[in-house]
Amino acid sequence: MKTYTLITGASTGFGKSLAIECAKQSMNLIIVALTDSGLIELGDFLKSNFNIDVLAFEMDLSTKENCNLLYKYIKAQNASIKYLLNNAGVLSRGYFEDLSEDYFLTQINVNVATPTILTKLFLEDFKTNAPSGILNVSSMASFFHLPKKQVYSGTKAYLLSFSKSLRKEIKKYGVWVSIVCPGGMNTTTGLCIQNRKLGWLSRTSILDPETAAKETLKSFFNKKEVIIPGAMNKVFMFLDSIIPTAIKNRLTANAV
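In what follows, the accompanying structure is described. A quick note: this is a predicted structure, and the numbers were derived from the prediction, not measured.

**Some remarks on the overall build of the protein chain**
Then, in step 1: Broken down by element type, the protein chain carries eleven helices and seven strands.
Then, in step 2: Counting all 256 residues of the protein chain, 45% fall into the buried class.
Then, in step 3: Counting contacts in the protein chain only where the partners sit at least 6 residues apart, residues at least 24 apart contribute 69% of the total.
Then, in step 4: Total accessible area on the protein chain stands at roughly 12,900 Å², and carbon and sulfur atoms take up 55% of it.

In structure tokens form, the structure reads like this:
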């Protein structure tokens, strides 16, 4: 049975860059993203330029039913998953009091439930195809507590904890779990404009998704547990470990 790397949220930004980097390594891909997101065009590009097999599924993975449907589609193609890259996510966009309950629920479903369910569904595939691996995409927001990122940070902190615990459980099967915590990235036009307005120090931490993806996959295939792309982001993590909480709270009080 042919093995594949499954990447969710693969049509744009970090997910697209991960897909291209995996294609460069001659890995067959299953890519998933929302309808009309450019996913089909990306799949055609990857197939024609890298001589790999690509299956593209346009789906909303915010429900358990659709996660199970994706599993059935993949099995119907006689495909088996060796690597799972849980990248799909819903970002933050405002203050808690201004956002709706439906928005929070969608954010929690996509950021928390979806990667958890997909990991469970394909666990037997990972065992069969060992050595194999799971990469969960968290965020540096899982370590910091910022305005406008309250629910988002909580979901990403879940992924960090979940990944570390699961890594210990399934290591015996030859399956490793890595968690990547990127900082800011120039993934969309809106974010590029927003990132240019940041202070000098913050701008030095912003990465292009291509750079972040290359560093992430190198660390992932070296089976690193927690991956922090970018030299400046590693500096921020070190400073976080030594700066007193009271000072950090003042520094982040007005952060967006």
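**Overview of the environment of Lys75**
Then, in step 1: Here Lys75 lies in helix α3 (residues 64-76).
Then, in step 2: Dropping the residues within four chain positions of it, Lys75 is found in contact with Ser80 and Asp125.

**Examining the packing of aromatic side chains**
Then, in step 1: Scanning the model with the defined rule gives ten aromatic pairs in all.
Then, in step 2: Relative to Phe221, the ring of Tyr83 lies with its centre 5.2 Å away and its plane at 85°, an arrangement referred to as edge-to-face. Remark: Phe221 occurs in helix α9 (residues 209-221) and Tyr83 occurs in strand β4 (residues 79-86); sequence separation between them is 138 residues.
Then, in step 3: The exposure class assigned to Tyr83 is buried, which follows from its relative accessible area of 13%.
Then, in step 4: Here the aromatic residues Tyr83, Trp176, Phe220 and Phe221 are joined through ring pairs into a cluster of three or more.
Then, in step 5: Here Lys127 stacks its cationic end above the ring of Tyr173, 4.2 Å away from the centre of that ring.

**Here we look at the pairing of strand β6 (residues 175-180)**
Then, in step 1: In terms of burial, β6 is a largely internal element, six of the six residues being buried.
Then, in step 2: Between the parallel elements strand β5 (residues 132-137) and β6, the chain passes through helix α6 (residues 150-170) in a crossover that is right-handed.
Then, in step 3: Pairing geometry for β6 and strand β7 (residues 226-227), over two bridges, is parallel. Paired with Ile179 across the two strands is Val226, which belongs to β7.

**Side note on a negative patch on the surface**
Then, in step 1: Together, Asp36, Glu41, Asp44 and Glu58 make up a region of like negative charge exposed at the surface.
Then, in step 2: In this fold, Glu41 is placed in helix α2 (residues 39-50).

**Considering the environment of Ser153**
Then, in step 1: Take Ser153: it is sitting in helix α6.
Then, in step 2: Leave out the neighbours within four places in its chain, and Ser153 touches Ala141, Ser142 and Phe144.
Then, in step 3: Within the structure, the side chain of Ser153 is placed 2.7 Å from the backbone oxygen of Lys149, a separation counted as a polar contact.

**Considerations on the packing of helix α1 (residues 13-24) against α9**
Think of two packed helices as two axes; the pair is described by the angle between the axes and how far apart they sit.
Then, in step 1: One can describe the packing of α1 onto α9 by two numbers: an axis separation of 8 Å at closest approach and a directional angle of 55°. Taken together, α1 and α9 sit at an angle that is classed as oblique. Between α1 and α9 the crossing geometry is right-handed. Contacts between α1 and α9 involve Gly13, Phe14, Ser17, Leu18, Glu21 and Cys22 on the former and, on the latter, Pro209, Glu210, Ala212, Ala213, Lys214, Thr216 and Leu217.
Then, in step 2: For the contact of α1 with α9, the per-class residue count stands at seven nonpolar, three polar and three charged.

**Regarding the pairing of β4**
Then, in step 1: Burial analysis of β4 places eight of its eight residues in the buried class, which makes it a mostly covered element.
Then, in step 2: Bridge count for strand β1 (residues 2-8) against β4 is six bridges, and the pairing is parallel. Across the sheet, Tyr4 pairs through a bridge with Ile81, a residue of β4.

**Topic: the nonpolar core**
Then, in step 1: The biggest cluster of nonpolar side chains holds 28 residues, and the ones touching the most others in it are Leu29, Ile31, Leu46, Leu85 and Phe220.
Then, in step 2: Where this core is concerned, the elements lending two or more residues are α1, β2 (29-33), α2, β4, β5, β6 and α9.
Then, in step 3: No other element matches the five residues that α1 contributes to this core.
Then, in step 4: In this structure, Leu29 is in contact with Tyr4, Thr5, Ile7, Ala19, Cys22, Ala23, Leu46, Ile52, Asp53, Val54 and Leu55, ignoring residues within four places of it in sequence.
Then, in step 5: Judged by nonpolar contacts, the second largest core, of 24 residues, contains Ile81, Phe122, Leu123 and Leu166.

Conventions used here
Residue numbers restart at each chain and count upward from 1, following the sequence in its written direction. In keeping with the model being predicted, local features are shown solely for residues with a pLDDT of at least 70 and side-chain atom pairs are shown and tallied solely at 80 or more, while totals for entire chains, interfaces and linings include all residues. Note that water and hydrogens are dropped before the side-chain values are worked out from all heavy atoms of the structure. Helix and strand definitions follow DSSP, with helices as H or I runs of at least four residues and strands as E runs of at least two, each counted in order from the N terminus. Categorising residues by exposure relies on relative accessible area from a 1.4 Å probe, with only protein chains included: less than 20% of the type maximum marks a residue as buried, more than 50% marks it as exposed, and the intermediate range marks it as partly exposed. By definition in these notes, contact holds between two residues if any of their heavy atoms fall within 4.5 Å. For accessible areas, the Shrake-Rupley method is used with a probe of radius 1.4 Å. Any residue's cover is judged against the shown protein chains and nothing else. The rule is short: rings of Phe, Tyr and Trp, with Trp giving its six-membered ring, pair when the centres are within 6.5 Å, and they are stacked under 30 degrees, edge-to-face over 60, tilted in between. Lysine NZ or arginine CZ positioned within 6 Å of the ring centre and within 35 degrees of the ring normal marks a charge as sitting over the ring. Handedness rule for crossovers: strands pointing away from the viewer, path from the first strand over the helix to the second running clockwise, crossover right-handed. We treat two strands as partners when DSSP finds at least two bridges between them. Patch definition: residues with relative accessible area over 30% and no salt bridge; like charges joined within 9 Å; nonpolar side chains (Val, Leu, Ile, Met, Phe, Trp, Tyr) joined within 5 Å. Counted as salt bridges are all cases of a side-chain nitrogen of Lys or Arg within 4 Å of a carboxyl oxygen of Asp or Glu. Positive: Lys, Arg. Negative: Asp, Glu. His and the chain ends are not part of the count. Working definition for charges: the position is that of NZ of Lys, CZ of Arg, CG of Asp or CD of Glu. Pairs of N or O atoms within 3.5 Å make up the polar contacts considered here, provided that, within protein, one atom can donate a hydrogen while the other can accept it, and that residues adjacent in sequence are counted only when both atoms are side-chain atoms. Orientation is described by lines fitted to C-alpha atoms, with helices fitted over the stretch in contact, and by angles between N-to-C directions that extend from 0 to 180 degrees. An angle below 35 degrees is treated as roughly parallel, one above 145 as roughly antiparallel, one from 65 to 115 as roughly perpendicular, and anything else as oblique. The sense of a crossing depends on the near helix, which, turned anticlockwise from the far helix by less than a right angle, makes the crossing left-handed and, turned clockwise, makes it right-handed. Any residue outside Ala, Val, Leu, Ile, Met, Phe, Trp, Tyr, Cys, Pro, Asp, Glu, Lys and Arg is labelled polar, Gly included; the first ten of those are nonpolar and the last four are charged. The nonpolar core is taken to be a set of buried Ala, Val, Leu, Ile, Met, Phe, Trp, Tyr and Cys residues, with the residues joined through side-chain atoms within 4.5 Å.

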